Every structure is written in C-alpha cells, then in structure tokens.
Amino acid sequence: TMWCSLEDANSVMDSFRQSRNGDNAIAASKGFAAYFAGMMQKYPETTALFTYVNGADVHSPEFRAHSLRVAIGIGICIFALHDPEVLTEITSHLAAQHAAVGGIKVAYFDFIRQLMRATFGQFVDNFNLDAWDNCFDPIIKAITARLD
Ligand code: HEM
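The name that an unreviewed UniProt entry assigns to the chain is Extracellular globin, with the source organism given as Ridgeia piscesae. Database annotation for the chain, UniProt heading Sequence similarities (unreviewed entry): "Belongs to the globin family."

Before going further, it helps to spend a moment on the overall build of the chain. Each helix and strand in the chain was counted, giving six helices and zero strands. Order of helices (α) and strands (β) in the chain, N terminus to C terminus: α-α-α-α-α-α. For 148 residues, the compact-globule formula gives about 15 Å, and the C-alpha radius of gyration of the chain, at 15 Å, lands near that figure. Across the 148 residues that make up the chain, the buried fraction comes to 24%. Put simply, 73% of the contacts in the chain that link residues at least 6 apart link residues at least 24 apart.

Looking now at the nonpolar core. A general trend in soluble globular proteins is that nonpolar side chains are found buried together. Ranked by size, the top nonpolar core spans 23 residues in total, and within it V12, L81 and C135 carry the most contacts. Those elements that place two or more of their residues in this core are α1 (6-19), α2 (25-42), α3 (61-78), α4 (84-101) and α6 (129-143). Per-element accounting of this core gives the leading share, six residues, to α6. The contact partners of L81, leaving out residues within four places of it in the chain, are W3, C4, A9, V12, M13, L87 and C135.

Here we come to the site of the ligand. Among the 19 residues in the neighbourhood of the ligand, the closest are listed as L49, Y52, V70, G73 and Y108. Where the shell around the ligand is concerned, the elements lending two or more residues are α3, α4 and α5 (106-119). Here the shell around the ligand takes five residues from α3, the largest share from any one element.

Time to look at the packing of α3 against α4. Closest axis-to-axis distance for the α3/α4 pair is 9 Å, and the angle between their directions is 150 degrees. Judged on the interaxial angle alone, α4 and α3 are roughly antiparallel. Residue-level inspection shows G73, I76 and C77 of α3 in contact with α4, the latter providing L87, I90, T91 and L94. Classifying every residue of the contact of α3 with α4 gives five nonpolar, two polar and no charged.

What follows concerns α4. Note that an α-helix has 3.6 residues per turn; residues three or four places apart therefore point the same way. The first and last C-alpha atoms of α4 sit 26 Å apart over 18 residues, in line with the 26 Å expected at 1.5 Å per residue. Where α4 is concerned, the buried positions are L87, T91 and L94. Down the axis of α4, the buried side of the element spans an arc of 60 degrees, and every buried residue falls inside it. Turned more than 90 degrees away from the buried face of α4 sit E85, E89, A96 and A100, all of them exposed. Where α4 is buried, its residues touch α3 and α6. Backbone geometry just after α4 places G102 at a positive phi near 85 degrees.

Reading guide: rules and limits
By convention here, each chain's residues receive numbers from 1 onward along its written sequence. pLDDT decides what is reported in this predicted model: residues at 70 or higher carry local features, side-chain atom pairs at 80 or more are listed and counted, and totals for whole chains, interfaces and linings draw on all residues regardless. UniProt positions are given in the numbering used here, feature names are shortened, and annotations may be inferred rather than shown by experiment. A run of DSSP states H or I qualifies as a helix once it reaches four residues; a run of E qualifies as a strand once it reaches two. Both are numbered from the N-terminal end. Radius of gyration means the value over C-alpha atoms here, while the globule rule gives 2.2 Å times the residue count to the 0.38 power. The exposure scheme places C-beta atoms from the backbone and then counts, for each residue, the other C-beta atoms within 10 Å of its own, assigning buried at 20 or more, exposed at 12 or fewer, and partly exposed in between. Whether two residues are in contact is decided by their C-beta atoms, placed from the backbone, lying within 7 Å. Only buried Ala, Val, Leu, Ile, Met, Phe, Trp, Tyr and Cys residues enter a nonpolar core, and they are joined through C-beta atoms within 7 Å. As a rule, any residue with its backbone-derived C-beta atom within 6 Å of a molecule or strand is reported as near that molecule or strand. Note on geometry: axes are lines fitted to C-alpha atoms, helical ones only across the stretch in contact, with angles between N-to-C directions running from 0 to 180 degrees. Should an angle fall under 35 degrees it is taken as roughly parallel, and over 145 as roughly antiparallel, whereas 65 to 115 is taken as roughly perpendicular and any remaining angle as oblique. Under this grouping Gly is polar, as are all residues other than the nonpolar Ala, Val, Leu, Ile, Met, Phe, Trp, Tyr, Cys and Pro and the charged Asp, Glu, Lys and Arg. Multiplying one less than the number of residues by 1.5 Å gives the expected span of a helix. Working definition: the arc comes from the directions between the helix axis and the C-beta atoms, pointing outward to the latter.

Shown next, in the form of structure tokens:
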C-alpha cells in the first residue's frame, strides 16, 4: 500500500528538490545541523548521543557530515515514496540503526519533525504543508517504531 497519495508524494518530492538549492550539500549540512542544535538546546541530554560525530560543536566538519547523512537519509525516504516496499525497507533499516544507539526517544524525532514542518516552507515555493504531513508523518512514525 502507498504511504501517501501520488499527488502528495509528487508535491513533497518537488519541495525536497527545491530545498536542496540545486543539490547544495553544504547548505543541507548546515540546515540540518541547525535543527539538531535546536534539539540539543531543548533536550541537553541528547548532546552526548553525538559524541562520535562531535555533537559538542555543531559547526564542526564532523557534525556537519553527520547532518548531511541525515539530510540525505530523509531524501532517500522521500524519493522512495513511489516505491512503498522499498520505503518500508529504508525506514525499518533506519529504525534498527536508531534503536541500536540506545537512549533515543520518540520525543526527539517529534521535535525535529515539528521544526522542519515550521521552517521548511521558507526554502520552497508553493510549499504544501498538508502533503508534507501526509507523507512525512508516516515516515517518522516508521523510523521511530522501535524507540521509547
Ligand atoms: C529525522 C529523521 C532522521 C533521519 C533520516 C536520520 C538518519 C540518520 C543516518 C542516515 C545516520 C547515520 C547512520 C550511519 O551511517 O551509521 C544517523 C545516525 C544517528 N542519528 Fe539519526 N536520523 C534522523 C533523526 C535523528 C534524531 C531525531 C536523533 C535524535 C537523537 C538521531 C540520532 C542519531 C544518532 C545518535 C546517530 C549516530 C551518530 C553517530 O554516527 O555516532 N537521529 N541518523
């Protein structure tokens, strides 16, 4: 079964393409580092989860590399929306990876989800928030399925 309607999926893919600023990986790594910085401010206990990627300095190359992996990871999910079986595999793989870290809570994902929801439209013409919610909420739900 589909994760969201074809129309919504197309809208979300179009938005994500625009947000990448012509495939500007540097912008994506900075943008996502900023989302994580907001999360660490609200939930200071999360900083320690990012020890191996220098979470203490979100401007460091190590943390921006991490942030780019996350940004691209979201892109992988979004660009798999037309292929529901592949998206199921992608999200369950991400779910297992995050569960294995230990200490990651659904609330942290929900914070990032809400921050993206509130800010993503800035980078996109004609951002369709309903389409975004319809497609992205189930993706986050699937990735967090194995977290507390
Ligand atoms: C919004 C959706 C998210 C996606 C698509 C995502 C994706 C990823 C990816 C692709 C990796 C790298 C896996 C690897 O190559 O080993 C990763 C690592 C990680 N993620 Fe996420 N992530 C998301 C949200 C979050 C959130 C909200 C947290 C909150 C704590 C989090 C915590 C971590 C941690 C601790 C790591 C391991 C860092 C390391 O390499 O040491 N992620 N994530």
